[in-house]
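Examining the three-dimensional arrangement
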Amino acid sequence: MATAAVLGLTLAACGGSGDGGDGSSASGGADQVEVFTWWAAGSEKAGLDALVGVFNEQHPDIEFVNGAVAGGAGSAAKDLLQTRLQAQDPPDTFQAHAGAELQDYIDAAQIEDVSNLYDEFGLTDVFPADLVDRLSTDDGKIYSIPSNIHRANVVWANPTVLEDNGVDPEATYDDLDAWMADLEKLDKAGVTALSVGTTWTQVNLLETVLLADLGAEAYSGLWDGSTDWNGPEVKAALEDFETLMSYTNDDRDGLDWPEATQMVIDGTAAFNVMGDWAVAAFEEQDKVLGTDFTAAPVPGTDGVFDFLADSFTLPVGAPHPDGAKAWLETVGSLDGQVAFNKAKGSIPARTDADPADFSEYQQTAIESFSNDTIVSSLAHGAAAPVATLNAISDATSKFTTGASDLAGYQSELAAAAQG
Ligand code: GAL
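Analysis parameters
- Residues numbered from 1 in each chain as written.
- Predicted model: local features only at pLDDT ≥ 70, side-chain atom pairs only at ≥ 80, totals over all residues.
- Heavy atoms only, no water.
- Patch = residues over 30% accessible without salt bridge, like charges linked within 9 Å, V, L, I, M, F, W, Y side chains within 5 Å.
- Areas by Shrake-Rupley, 256 points an atom, 1.4 Å probe, with all protein chains shown as cover.
- Salt bridge = Lys/Arg side-chain N within 4 Å of Asp/Glu carboxyl O.
- Lys, Arg positive; Asp, Glu negative; His and termini not counted.
- Charge placed at Lys NZ, Arg CZ, Asp CG, Glu CD.
- Helix = DSSP H or I, 4+ residues; strand = E, 2+ residues; numbered from the N terminus.
- Near = heavy atom within 4 Å.
- Polar contact = N/O pair within 3.5 Å; in protein donor to acceptor, adjacent residues only side chain to side chain.
- Nonpolar A, V, L, I, M, F, W, Y, C, P; charged D, E, K, R; others polar.
- Buried < 20%, exposed > 50% of the residue type's maximum accessible area, 1.4 Å probe, protein only.
- Pairing = 2+ DSSP bridges.
- Axes fitted to C-alpha atoms, helices over the stretch in contact; angles between N-to-C directions.

1. What to know about a negative patch on the surface
- Taken together, Asp174, Asp175, Asp177, Asp213 and Asp302 make up a surface patch of like negative charges.
- Along the chain, the position of aspartate 213 falls in helix α9 (residues 199-224).

This is the structure in structure tokens:
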């Protein structure tokens, strides 16, 4: 890693007038910025475009170069990014999740401490302290600037499909059992009760099931070793996951989240569990909350906010560090956060944004985020390192494609969580 860092700095110096040192003072390359994300299409691209619009206003002389790589949750982007980082070919800035995923990049010395930018841009007090903690090391260095906060434990429903199949669209469910009774009814009626997509969306579903059945405290214990992955509680949750998967569409492994959510939008499925980027897809198609779709915490997770945040980094050896700093300035700015989050479905990471600027759904998310118990999302980098997530994803794919049984799945998950 030390060698990688040194090489990176050399490249940075070539790119401009970088003065080496700890790298954070490297400068130069203010004519462009390559921004690496996975917001490549649909409502996610619309969010990115809105942010780029503010960037172009704030920094008209810097060219935005779109380095987006398609694939929800970074399912393709993160591997490609790792290849580039290891080849000392970093983008100027990249999207990273707050929490364990960011820590991976810090541990590998792939990103710079940007605390000086917090001072320069006046960001020190504008983000919630808990969030800044998830971007920092114990010695107070901060490694990225957050753009938004998403909630992963939301169930989206099509009220017309429910009504047409004898399920009360106003029904609320205290737990998964109550919900599964209605899913069973829908399934018997011949509709796709619950839509899901490829592996990462199944992991997103899994984490909400673990959260529903174990509760917030024991769910969080899965990530610090205090909850036993081999225990009967996890086994019961995996049984529920298996049952839920039995109500899903057969073509799931070929779909990413937009297609899975689209099934609810189109009325070919009743429910979809997805993070609240989904709201942007509904709204982009002029669907109205309460009429065309409903949103609620996954049954059994009311009062718990399954948290994740996107943030942007300054990679070691970024070829255009000044371009990257300009991008980070826009990401952290109030105008940038308002424009981006309005289009993206997330809520601003900044605490000084006016909730009235956001949609009805987003206002509920803002309120939940300040009142609910916060837990960390697995599928979106907050709870566990990338290697753990990858191992859990592999085990999940094996299980949902029938290549392992429940006992095998549970022991593979337990092994994955141990690292
Ligand atoms: C998450 C990301 C969100 C959204 C989602 C689906 O990991 O944090 O911003 O893009 O993936 O791709």
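2. Concerning the site of the ligand
- As a matter of local geometry, the ligand sits amid 13 residues, with Glu44, His97, Asp310, Lys344 and His380 nearest to it.
- Between tryptophan 39 and the ligand, the recorded distance is 2.9 Å, taken from a side-chain N or O atom to an oxygen atom.
- One of the backbone N or O atoms of alanine 73 is found 2.9 Å from an oxygen atom in the ligand.
- Relative to its unbound accessible area of 310 Å², the ligand is 100% covered by the protein chains.
- Taken together, the residues of the shell around the ligand break down into six nonpolar, four polar and three charged.

3. Examining unusual backbone geometry
- The backbone phi angle of alanine 73 is positive, close to 60°, even though this residue is not glycine.
- Within the chain, alanine 109 stands out as a residue other than glycine whose phi angle is a positive 55°.
- Using a relative accessible area of 31% as the deciding quantity, one classes alanine 109 as partly exposed.

4. Notes on the sheet that holds strand β5 (residues 154-157)
- Spatially, four strands are ordered β6-β7-β5-β8 in an open sheet, and the strand pairing comes out mixed. The sheet terminates laterally at β6 (192-195) and β8 (294-297), the two strands that pair on one side only. Looking at each pair of strands side by side, their axes are set apart by 20° on average, direction ignored.
- Pairing of β5 with β8 involves four bridges; the strand directions are antiparallel. When the bridges of β8 are listed, valine 155 appears paired with alanine 296.

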